[in-house]
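Residues per chain, in single letters:
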Amino acid sequence: MPKLLARRHRWALLAGIGALTITLAVARSSSASDHQDTPEVELSQRMDINDVYAFPGSSADRIALVLTTSSPITPAQSAAAGFDPNLLYQLKVDNTGDGVEDKVFQITFTGTGSSQQVTVRGPVAPAQTGPMNTIVPNAPTLTGTTNTTVGSAAGIQAFAGIRDDPFFLDLEQFFRIVPDRKPVSGELSQLPDQPSATAFRPANQAVDYLRGLNTLAIVLELPSAMLTDGGTRKIGIWGTISR
Amino acid sequence: MHMRIRALAALALIAVGGACNDDDNDNDITGTGGDRIYVQVERLGNPLVSEVTLAKRNHGFHNAGRPSTDVANHSAELRAFVTGVAGRDQTVANTLATVLLPDMLIVQTDKPATSAGWLTWALANGYGGRKLTDDVVDAGLQAIFGPLLSPNNVSPGLSTDNVDQNDRPFSTSFPYLAAGN
């Protein structure tokens, strides 16, 4: 599947329209900057974070965190799809307002395919802040099998596995508006090379390009106090993938 | 003298610490051993910052970075995108830079759950975060091209993609995302 569909690339939508604006306003410029991911991540779908979410959990004092990766995964590909056992997936939380992580979740996997074991550590203070990290020395918080819910509904719960990709947008129409952003392979690459639209489709014609496609999701839920502990109740959350 | 030798030895250890670990037979350079040093290759907070506002050549810089240096490293480029590429005024640019950098999903856990949603912490002093149902494409389009932040220089045909919800309903209970297709 075209790498352009990965979420980070989907935001090329906006960038591309921006580029179109410039094209219309200034002159045709083939050097409009491209807003996709780095080549390494672009070529390594498993290193790509598609989306990060944070929202209230099953009760007012609980919070759910979601990190999705490796989208798009077709139904046919899904049975064999798994997380990369050589990568470290993290959700990081700043609770003091300085942009430095005070609490981290570290998620790792062993095995491959659909029968992986997931290990969740945290939330705990990291051994090091910033972009170079080791696994914290703490014992795992949870371990279990992918594609099942592990943990306690009153404490920390985790799920890692295949889910319907929760993101939605009309990517095909985007590439009709800005065809220079279309992928080099797959069905979207067959769209016209020249712009064939100047606006999005009306609601009764717009199509969610990600309908029926899957992603690998890490979902955590826990008492919010575990993240605000030692800090304030205003927190900042981000996801990382490291190798 | 002795102290100086010890100090030099300590410095040398610090300098080659990673390499020393690699010589450890217990180290697992492809597994998840505790002495393995992982290097960040990907980072994502808000669904907008790197992908839209930063040139592709700077994505690696953003991916390898940290929120604490985002304002210093990325604010000027983000604001230049909004004013230059999108053609909006400085107020829109400054507002977007302020709410999107440092690049984190901000959550005010003491606010009502009903006020949750992308950027509601800034727009309405709400819970913030990002819900599965949030149409962040439209929110981004409306902010950058629509009248959300300024009535000037809007592009109406580009302010929504008219896909407003996921193809499958989300669950109200854990793990919330719909089952795979």
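In this text, all values refer to a predicted model and were calculated from it rather than measured experimentally.

(A) The overall build of chain A, seen in detail. Counting its regular elements, chain A contains six helices and 11 strands. Per-residue burial over chain A gives 54% buried out of 243 residues. Sequence-distant contacts, at least 24 apart, represent 63% of the contacts inside chain A between residues at least 6 apart.

(B) Main features of the overall build of chain B. Scanning chain B from terminus to terminus reveals eight helices and two strands. Taken from N to C terminus, the helices and strands of chain B fall in the order α-α-β-α-α-α-α-β-α-α. Taken across its 181 residues, chain B has 43% of its residues classed as buried. In chain B, 35% of the contacts between residues at least 6 apart in sequence involve partners at least 24 apart.

(C) Geometry of the sheet that holds strand β10 (residues 214–223) of chain A. All names here are of chain A. Taken together, the five strands give an open sheet; going across it, the order is β1-β2-β10-β9-β8, and neighbouring strands pair in antiparallel fashion. At either end of the open sheet lies a strand with only one pairing partner, and these are β1 (49–56) and β8 (149–151). Across this sheet, the average inter-strand angle for adjacent strands is 15°, counted without regard to direction. As defined by bridge partners, strand β9 (residues 157–164) adjoins β10 across eight bridges and the pair is classed as antiparallel. Each bridged residue has a counterpart across the sheet, and for Gln157 the counterpart in β10 is Glu221.

(D) Structural context of the interface of chain B and chain A. Of the residues lining the interface, 76 residues belong to chain B; the matching set on chain A comes to 88 residues. For the side of chain B that touches chain A, the secondary structure elements donating two or more residues are β1 (38–44), α3 (49–53), α4 (59–63), α5 (70–85), β2 (105–108) and α8 (136–144) of chain B. Considering every element that reaches the side of chain B that touches chain A, the biggest residue donor is β1 of chain B, with seven residues. Counted by class, the side of chain B that touches chain A contains 36 nonpolar, 25 polar and 15 charged residues.

(E) View of helix α6 (residues 90–100) of chain B. All names here are of chain B. Within the sequence span of α6, burial applies to Val92, Ala93, Leu96, Ala97 and Leu100. Along the long axis of α6, the arc covered by the buried residues comes to 130°, so they all point the same way. Across α6 from its buried face, at more than 90 degrees, point the exposed residues Gln90 and Thr98.

(F) Main features of the nonpolar core. One finds Val52, Val219, Leu220 and Ile237 of chain A to be the most contacted residues of the largest nonpolar core, which totals 93 residues. Split by domain, this core shows at least three residues from each of two domains, domain 1 (1–43 + 170–207) and domain 2 (45–166 + 211–243) of chain A. In this structure, Ile237 of chain A is in contact with Val52, Ala54, Leu65, Leu91 and Val93 of chain A together with Met104, Leu105 and Val107 of chain B, ignoring residues within four places of it in sequence.

(G) Main features of the environment of Pro179 of chain A. Residues and elements named next belong to chain A. Among the structural elements, Pro179 can be located in the loop between α5 (171–177) and β10. Taking the C-beta count within 10 Å as the criterion, Pro179 has 18 such neighbours and is therefore assigned partly exposed. Leaving out residues up to four positions away in the same chain, Pro179 has contacts with Leu191, Pro192, Asp193, Gln194 and Pro195.

(H) Structural context of the pairing of strand β3 (residues 88–94) of chain A. Residue and element names in this part refer to chain A. Of all the seven residues making up β3, seven are buried; the element is thus mostly covered by neighbouring parts of the structure. Neither face of β3 is open: one carries Leu88, Gln90, Lys92 and Asp94, the other Tyr89, Leu91 and Val93, and all of them are buried. Pairing analysis gives five bridges linking β3 to strand β4 (residues 103–110), with the strands arranged antiparallel. Looking at β4, one finds that Lys92 is bridged to Val104.

(I) Structural context of α8 of chain B. Counting buried positions along α8 of chain B gives seven out of nine residues, so the element sits mostly inside the fold. Burial in α8 of chain B covers these residues: Val136, Val137, Ala139, Gly140, Leu141, Ala143 and Ile144 of chain B.

(J) Spatial organisation of the packing of α5 of chain B against α6 of chain B. Residue and element names in this part refer to chain B. Contact pair α5 / α6: the axes reach a minimum separation of 8 Å and the direction vectors enclose 140°. In this view, α5 runs oblique relative to α6, as classed from their interaxial angle. For the crossing formed where α5 meets α6, the hand is right-handed. Taken together, the residues of α6 that come into contact with α5 (itself represented by Ser75, Leu78, Arg79, Val82 and Thr83) are Gln90, Val92, Ala93, Asn94, Leu96, Ala97 and Leu100. Residue classes in the contact of α5 with α6 are distributed as seven nonpolar, four polar and one charged.

(K) Seen up close, the confidence of the model for chain B. Residue and element names in this part refer to chain B. Looking at chain B as a whole, its pLDDT mean stands at 83, while 81% of the residues score no less than 70. Mean pLDDT values for the elements of chain B range from 39 in helix α2 (residues 17–22) up to 98 in β2. Across residues 1–29 the pLDDT falls below 50, and counting only partners more than four positions away or on other chains, this stretch makes 13 contacts in the model. Both scores are given for the predicted complex: the pTM is 0.84, the ipTM 0.85.

What counts and how
Residues numbered from 1 in each chain as written. Chains lettered and ligands numbered in written order. Predicted model: local features only at pLDDT ≥ 70, side-chain atom pairs only at ≥ 80, totals over all residues. Helix = DSSP H or I, 4+ residues; strand = E, 2+ residues; numbered from the N terminus. Buried ≥ 20, exposed ≤ 12 C-beta atoms within 10 Å, placed from the backbone. Contact = placed C-beta atoms within 7 Å. Pairing = 2+ DSSP bridges. Axes fitted to C-alpha atoms, helices over the stretch in contact; angles between N-to-C directions. Nonpolar A, V, L, I, M, F, W, Y, C, P; charged D, E, K, R; others polar. Arc of directions from axis to C-beta. Core = buried A, V, L, I, M, F, W, Y, C linked by C-beta atoms within 7 Å. Domains from an automatic or database assignment. Parallel < 35°, antiparallel > 145°, perpendicular 65-115°, else oblique. Left-handed = near helix turned anticlockwise from the far one by under 90°. pLDDT = per-residue confidence, 0-100.

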